[in-house]
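Remarks on the overall topology
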Amino acid sequence: MFKPESADSLPIPASAATPSLIDGPELPVDVEVALESLNQWQLAVKRFMRHRMALIGLAMFCFIVLVAIIGPIVAPYNPIDIPGAIHQGGDGPSFTHPMGTDDAGRDVYTMVVNGAHISLAVGFFATVIAGIIGIIVGSISGAAGGVVDNLLMRLVDVTFAVPLLFLILVAAVFFGQGSMVALILIFGILQWGLIARLVRAQFLSLREADFVEAARAVGVGTMRITFRHILPNALGPVIVVMTLLMASNIVLEAFVSFLNFGIAATEPTWGNALSNAQNAMGDGNWWWAFFPGMAIALTVISINFVGDGLHDALDPRARL
Amino acid sequence: MTKYIIRRLLQAIPVIFLISIVCFVLMLMAPGGPQAQFNQNRFIKPEQVDLWLQHWCLVRNPSPPDMIKEYAGWLGVWNCQTQSFISENGGLNFLPSFLGGGVNGMLHGDWGISIYLNQPVLDIILGRLPVTLLLMVTAWIIWLTLALILGVVAAIRRYSFFDQAATLFSYTFYSLPTFWLGLMLIEIFAVTLHWFPSQLIQSPRISPGPFASAVWWQAFWTDPGLYGWDVAMHLVLPVTTLVAVSVAGDSRFVRSAMLESLNQDYVRTARAKGLSERRVIFRHAFRNALLPIITNGALEVAFLFSGAIVTETIFSLQGMGYLYIQGLQAHDYFLLMGIVFIGAILVVVFNLVADVLYAVADPRIRYD
Amino acid sequence: MSTVIDLSHVAEAAPGRSIGQKPPDDVLLDVRGLKTYFHVLDGTVPAVDGVDFQIKRGETLGLVGESGCGKSVTSLTIMRLIDIPPGEIAAGEIWFDGVDILSLSPSEMRDIRGSEMSMIFQEPMTSLNPVFTVGYQIAEAVKAHRNVSKNSARDRAIEMLAAVGIPSPERRFKQYPHELSGGMRQRVMIAMALSCDPKLIIADEPTTALDVTIQAQILELMKSIQERTGTALLLITHDLAVVAETVERIAVMYAGRIVEAGTAEEVLLDPKHPYTQGLIASIPSTVPRGQRLNVIKGTVPNPFRMPTGCRFEPRCPHAFGPCKDFDPPLRLTGPNRESACWLQYPPGELPVKETDAPPATPVPVERVGH
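Here is what the cut-offs are and how they apply
Residues numbered from 1 in each chain as written. Chains lettered and ligands numbered in written order. Predicted model: local features only at pLDDT ≥ 70, side-chain atom pairs only at ≥ 80, totals over all residues. Heavy atoms only, no water. Helix = DSSP H or I, 4+ residues; strand = E, 2+ residues; numbered from the N terminus. Buried < 20%, exposed > 50% of the residue type's maximum accessible area, 1.4 Å probe, protein only. Areas by Shrake-Rupley, 256 points an atom, 1.4 Å probe, with all protein chains shown as cover. Pairing = 2+ DSSP bridges. Axes fitted to C-alpha atoms, helices over the stretch in contact; angles between N-to-C directions. Contact = heavy atoms within 4.5 Å. Domains from an automatic or database assignment. Polar contact = N/O pair within 3.5 Å; in protein donor to acceptor, adjacent residues only side chain to side chain. Nonpolar A, V, L, I, M, F, W, Y, C, P; charged D, E, K, R; others polar. Parallel < 35°, antiparallel > 145°, perpendicular 65-115°, else oblique. Left-handed = near helix turned anticlockwise from the far one by under 90°. Buried area = accessible area lost by both parts, 1.4 Å probe. Salt bridge = Lys/Arg side-chain N within 4 Å of Asp/Glu carboxyl O. Core = buried A, V, L, I, M, F, W, Y, C linked by side-chain atoms within 4.5 Å.

Details of the overall build of chain C
Broken down by element type, chain C carries 12 helices and 12 strands. Counting only residues that meet the buried cut, chain C has 54% of its 370 residues in that class. Carbon and sulfur atoms form 54% of the exposed surface of chain C, whose accessible area is close to 15,500 Å².

A word on the sheet that holds strand β6 (residues 117-120) of chain C
Residue and element names in this part refer to chain C. The strand order β6-β7-β8-β3-β9-β10-β12-β11 describes an open sheet built from 8 strands, whose pairing is mixed. Two strands bound the open sheet, and with one partner strand each, they are β6 and β11 (331-334). For this sheet the average axis-to-axis angle between neighbouring strands, irrespective of direction, equals 25°. Packing of helix α9 (residues 212-229) onto the sheet brings it into contact with β3 (60-64), β6, β7 (200-204) and β8 (232-237), and relative to β8 it is tilted by some 160°.

Some words on the environment of C:Y275
Residue and element names in this part refer to chain C. By secondary structure assignment, the location of Y275 is in helix α12 (residues 274-281). Residue Y275 is classed as buried on the basis of its relative accessible area, which comes to 0%. When the C-alpha positions of Y275 and V259 are compared, they lie 8.0 Å apart, and in sequence the two are 16 residues distant. Residues contacting Y275, with those up to four places away along its chain left out, are G65, E66, V252, M253, Y254, V259, I296 and F312.

Thoughts on the domain arrangement of chain B
How big an interface is tends to be stated in terms of the accessible area lost upon association of its parts. All names here are of chain B. In terms of domain boundaries, chain B breaks down into domain 1 (31-108) and domain 2 (121-361). Here the C-alpha centroids of domain 1 and domain 2 sit 39 Å apart. For the pair domain 1 and domain 2, the interface holds 0 residue pairs in polar contact (both at pLDDT 80 or more). Of the residues contributing to the side of domain 1 that touches domain 2, the split by class is 6 nonpolar, 1 polar and no charged.

Some remarks on the environment of B:G297
Residues and elements named next belong to chain B. Looking at where G297 falls in the secondary structure, it is placed in helix α10 (residues 277-314). Owing to a relative accessible area of 5%, G297 belongs among the buried residues under this scheme. In sequence terms G297 and A354 are 57 residues apart; their C-alpha atoms lie 7.9 Å from each other. Leaving out residues up to four positions away in the same chain, G297 has contacts with W140 and L144.

Section: unusual backbone geometry
Residue and element names in this part refer to chain C. Positive phi values are uncommon outside glycine, yet E205 reaches one of about 50°. On the secondary structure map, E205 appears in the loop between β7 and α9. With relative accessibility at 5%, the residue E205 sits in the buried group. Backbone geometry at A255 places phi at a positive 50°, although glycine is not the residue there. Note on placement: A255 falls in the loop between β9 (249-254) and β10 (257-263). Given the relative accessible area of 6%, A255 is considered buried.

Structural notes on the packing of helix α5 (residues 134-145) of chain C against helix α8 (residues 182-194) of chain C
All names here are of chain C. In the contact formed by α5 and α8, the axes pass within 8 Å of each other and the chain directions differ by 20°. By the angle class used here, α5 and α8 are roughly parallel. As α5 runs across α8, the sense of the crossing is right-handed. Here α5 contributes V134, Q137, I138 and A141 to the contact with α8, which in turn contributes V188, A191 and M192. Its residues placed into classes, the contact of α5 with α8 shows 6 nonpolar, 1 polar and no charged.

Examining the side chain of C:T60
Residues and elements named next belong to chain C. Relative to the assigned elements, T60 resides in strand β3. On the basis of relative accessible area, T60 is assigned to the buried category, the value being 2%. A polar contact of 2.9 Å, which involves the side chain of T60, links it to the backbone nitrogen of E248. Apart from the residues within four sequence positions on either side, T60 is in contact with Q226, L233, T246, V247, E248 and R249.

Let's talk about the interface of chain C and chain B
Each side of the interface is counted separately: chain C has 27 residues, and chain B has 20 residues. Across the interface of chain C and chain B, roughly 2,100 Å² is buried in total on both sides, 58% from carbon and sulfur atoms. Among the residues chain C hides against chain B, the three largest losses belong to C:R110, C:V131 and C:E140. Together they make up 25% of the total. There are 2 salt bridges connecting chain C and chain B.

Description of the sheet that holds strand β5 (residues 99-100) of chain C
Consider a sheet: its strands pair through backbone hydrogen bonds, and that pairing is either parallel or antiparallel. If you walk across this open sheet you meet the 4 strands as β2-β1-β4-β5 (chain C), and the pairing is antiparallel. At either margin of the open sheet sits one strand with a lone partner, and together these are β2 (43-56) and β5 of chain C.

Here's the deal with the nonpolar core
Ranked by size, the top nonpolar core spans 155 residues in total, and within it A:L169, B:Y324 and B:L328 carry the most contacts. For this core, the element with the highest residue contribution is helix α8 (residues 224-262) of chain B, accounting for 15 residues. Each of domain 1 (31-108) and domain 2 (121-361) of chain B accounts for three or more of the residues forming this core. With 96 residues, the next largest nonpolar core counts C:I55, C:I78, C:L81 and C:I218 among its residues.

Quick look at the structure:
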C-alpha cells in the first residue's frame, strides 16, 4: 500500500525522510542533535525578531537597565540631597524637578532613577535563585520518578498550600530586617516550586517524545538523554515563566517595601517612595506616587512584552 | 464522587499540617527570638519580657525542641500549663476534653488569643471575615463576568479592532501593580473628584457598629437603602482595583481557551452539519472552553485572597487582609497562624471545587 | 512557432464547462478552475491552484494525492469550511445541484451543509464533540435541517446508528464519544453525515486513522450505503488501494492541481501522467519480491516557489522540451479521460519558448503578493 508520508508538515517523500536508517552513511547522533538545536534556537531568534511588541519591550527594558546603571551617575542630585523646599506636600513637577519633590524636599526624579537598580536586582536575582533551585529539583523529580518524585512534589504542594504572599510577608517581616539580600533569598527560596512543577511536567511529557524514544532506541544513556535531549527542550517554557516571574517579583518587592516590610526605608526604592507617598495621599500631590509607580509599571510591561515574545518564539505550538 | 471528595480532604490534612508547621517555625526561627520586638524599647524591663513570654507560652531564643513544643501547644497536643502531653484533666492532651484531654489548641477548637488585640483569634477572624468575603465575592463575580465577555468576544472577533483594544487593555492593566493602581484611583476618584470614599467599608458618621455585626444588621434592616448604598459606595474603588488587574489576565485566558476550542475538529464538524454560527460558538466551542475556565476560576480564589491583602491595606478595609498586615506589624503569632490556617483551608477547598466542577462539566472525567 | 498558444484544447478538455454556465442536470458537482489560497506570515500558499473535476449524480469519485497536495483543502472549499482569512477562494466556481455555491450567502450555504452535502472527517477521535452524547450530536444535525420534534429527531438518530451497523443503538445513543472505539466513532460520523439524506457525501481520508481491519469494514459500509441510497461520494485519500476497491472514477492531484482523471481501471492500469505512474510503481504489491521499491525522486515543490512550468517537472523522469517553462493544462485523452502532461499532446501543439521573450504559460500562475 502506498503511503507517501504521514506528517503533514514535512512535504518530504518517504524516500528522503529515512535515508540513513536503511543504508545511508551513519551520522553520529551528536552531530544531528547539535545541528538541530542550533536551528531551533536560530528559529526562535528569528521568530522573536518578528514579534513587534517583544522588540518594543526589549528596547524599553534595555533603556531601563541603562537608566539603572548610568542614571545615578548623571542624575542632577544624590538621593541624600535635599534640593527642594521642605514643606507639607512638596512641590509639583517643575523645570528643576521634572517629577516634583516630596515634603522633605527630596527630588522624586532622583528617587525613581536610584530605585531602578534595586528593583531590577531584586527581580533578577530572586528569579535566578528560584530558577536554579526549580530546575534542579524539577529535573531530579522528573528524571527519578517514584518515591523521590513523590516526596519532592509534596514539598512543592506545601508551598502552594497557602497564597504565596502570606508566606512571603511572614518571611520578610521575621527574616528580612530591611536587607536586600535577605529579600532576594526569601523570594527565591519560596518561589521555586512553580518552576520545579513546570520542569517536572516538561520532563514527563518529553520522556515520551519521539526524539527521546529514538535516542533511547539507539542506545543513548539516561544521563545523556536527561541533559542533552530533555533539559534543553524543557528550557523554553521555563525561560518564559522565569521572565514573567521576574516581572511579578519587581511588583512584589515594591509591595513588600511599600508595607515597610521590605528594604530599609532609608534606601531609595520605588516601593519606599510609594510608601512615603501614601502617607501624604489626599494632599493632591499625585506626582509623588505617580512617577515611582509608572516606573514599576513600565518595567513590568516591558518584561511582560519580552516574555510574550519569548513565548511565541520558544513555543510556537502554543501560538494563538 | 463522594469517596473521591473524602479521599482528597484526607490527603489535604498532612499538607495543611505541614504548612502550619512551616509558618510557625518560620516565625519562631526569626533572629532574636520572640522577644526581639521589644529590643528597641528601653522602657520594657527583662522581667516584663519574661512574663510576657510565659503568658504566651513562648521561650526566649527557642531551640528546635522548644519550637516543636510551642507548635504542639498551638495544635493542642502539648499542654503549656502542665508542661507535658497530659492535660489538667489527667488524660492525653490531644484527646477531646470529655475523654480527659485538654482544651487548648486547634484540635480543641481553640485558635489561641491574639497578642495584639488580646481577644480570641477565632472571634477576631469571624468578625473580619464578612468584609473580606464581601470584597472577594463581589470582585470575583464581576471579574469572571467581564473576563468571559471580553475573552469570548475577542476570540470570536479575532484580530478585530475590539480584539486588539482588549489585548492592549489587558497588557497594560496586567502589568500595573495592584497597590499602585489603588493609590491612583484614590487620588483621582476620591481626593480630586470626591466621587467615592477612599477608606473603610462604611462611613463612620452613619455606622451603627462593625460591618455585619448584629447591631449592624439590626440597623441595616431598618433602612437597607441607606446602609446598603453606603457599603456599596465604599466598595467601588477596592473592587475596581481588584477587578482591573485580574480581568486583564483572565480575559486573555478565556480568549485563548476559546480560540483553542474554536480550532478543534469538532467545531468544524458542527459547522459541517450546517449548524448556525451562534450554536457552533456557544453550544459547541464555548461548552468546551468552559472546562479550563472553570478550573482557572476556582483556583484563582487563592489569588483573590492575596489580592484582598493588597486592597484592604490600601483602602483600610477592616478585613482579614488588613488584619494580617496588622498581625505582621505586631508579630502576633497566633493571629497570623489563624489567618494562614484559613488561607490553607480556602486553597484546599477551592482546589477540590475546581476538580469536582471539572468532572461535572467533562463527561470524560470520572473520579471513582 | 509563435508564443501565442492555441487554447482550443483547453475548451476541448472541458466540454460544456464554460465559466458561468450551469452544468447539465446529470452533473451533481462541477468544480471549475478552483483556487484556494492561504495568506500566511511567510507569504501566500496556493493550496488549491486551478482544480477542475465533475461528479455525476450517484457517482463515486476518488481524489488521490500525497499529503499537502491540496485535496483536503479542495473538500473544505466545496463545503465552504475554509477560514477566511487566512484563506481565500481566489477563483473558480463550484456548481452543486445546479447552483454555484460560491455565490450563496452564508445562511443559504448552511442549509445545504449537512443536509444536501455532508462530510466525514479523517479523525474520528477529535471530530466528535467530547462533551455531548453521540446521539445528541446526530439528532442535532437532523434538527438543524428538518422541522421535526425532539423525539422524532431522536428516533431518526437511533435509526441512523442502526443503519451504520452499530449494535444496540438505543444504548449507544446515550454514550459519549470517549466511550466508543475509533471504528465506532467513524460509524457515528457516517451516521451523522447520512442523517439528512444528502446528495453528496465528502469523505476526507475516512479510514486513515483506523486499524487496517476496521478500515476494510468502514469502506465496505460506505460502499454499501452508497449503493443503497444512491448518493454521490467524493472519497479523498492518499491510499490507492482504498480507491481501487471503492470508487468508479479517480482524479489524481499534485501540488494543487488535478494531473490525471479517468475511470478507476483506466487510471490504475494505464496511467498516463508520470506522477500517477510513479505512485502506482511504488505500491509494494506491484513490485517483484526482492526488488527495491520505486520511489518518486525529489520532493514536493515549495509552495512559495512553485515551478513556472509543469509542477512535476523537477521530479519527472520523462521531462522534455516544454516542461520546464510551460504548465500543461488538462487534456482530454479519451472519453472522460484527462491528463495534464505534455507527453499527451501531439508534437505540433507543444509550446516553444522564445529565447528573447519572457516565458509565457498557457495557464498563467497567479501570484498574489503579500
